[in-house]
Amino acid sequence: MNTETLRNWIRAADGRRPGAHSALRAASQAVGDDVQAELAAARKRIRELEEERDILRKAARYFATETRW
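The full count for this structure, using the stated rule, is 3 salt bridges. A salt bridge links Arg45 to Glu48; its shortest N-O distance comes to 3.5 Å. Taken as a pair, Arg45 and Glu48 lie in helix 2 (residues 22–66) at a separation of 3 residues, close to a single helical turn. The exposure class of Arg45 is partly exposed, given its relative accessible area of 43%. The exposure class assigned to Glu48 is partly exposed, which follows from its relative accessible area of 31%. The partner of Asp54 in a salt bridge is Arg53, and the shortest N-O contact between them spans 3.3 Å.

Together, Met1, Leu6, Trp9 and Ile10 give the surface a local cluster of nonpolar side chains, amounting to about 480 Å² of exposed area. Its place among the elements puts Met1 in the segment before helix 1 (3–14). Owing to a relative accessible area of 75%, Met1 belongs among the exposed residues under this scheme.

Bringing helix 1 into the picture now. Spanning 12 residues, helix 1 covers 17 Å between terminal C-alpha atoms, matching the ideal 16 Å at 1.5 Å per step. Where helix 1 begins, the capping side chain belongs to Asn2, and its oxygen is found 3.0 Å from the backbone nitrogen of Glu4. The positive-phi residue at the C-terminal boundary of helix 1 is Gly15, with phi of around 80°.

Below, the discussion takes up the packing of aromatic side chains. Taken as a whole and judged by the stated rule, the model has 1 aromatic pair. Taking the centre distance of 5.2 Å and the plane angle of 75° together, the rings of Tyr62 and Phe63 count as edge-to-face. Looking at Tyr62, the relative accessible area reads 46%, which means it is partly exposed.

Criteria and thresholds
- Residues numbered from 1 in each chain as written.
- Predicted model: local features only at pLDDT ≥ 70, side-chain atom pairs only at ≥ 80, totals over all residues.
- Heavy atoms only, no water.
- Salt bridge = Lys/Arg side-chain N within 4 Å of Asp/Glu carboxyl O.
- Helix = DSSP H or I, 4+ residues; strand = E, 2+ residues; numbered from the N terminus.
- Buried < 20%, exposed > 50% of the residue type's maximum accessible area, 1.4 Å probe, protein only.
- Patch = residues over 30% accessible without salt bridge, like charges linked within 9 Å, V, L, I, M, F, W, Y side chains within 5 Å.
- Areas by Shrake-Rupley, 256 points an atom, 1.4 Å probe, with all protein chains shown as cover.
- Expected span 1.5 Å × (residues − 1).
- Polar contact = N/O pair within 3.5 Å; in protein donor to acceptor, adjacent residues only side chain to side chain.
- Phe/Tyr/Trp six-rings, centres within 6.5 Å; stacked < 30°, edge-to-face > 60°.

As structure tokens, then:
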């Protein structure tokens, strides 16, 4: 076995050589981006739901005091 071939395999496994396993890194980057986008969407939805909850609590409190005679 040629030592340069072994060195190239080691570099490729470490990701130090440009273009080495670029498809794997690109795929993991895409998955990471998808996860970040999903997390951002989930956080936005949580904020919306918390705001709706607060509005409903205030409305319930208001109507509870209005119906006391």
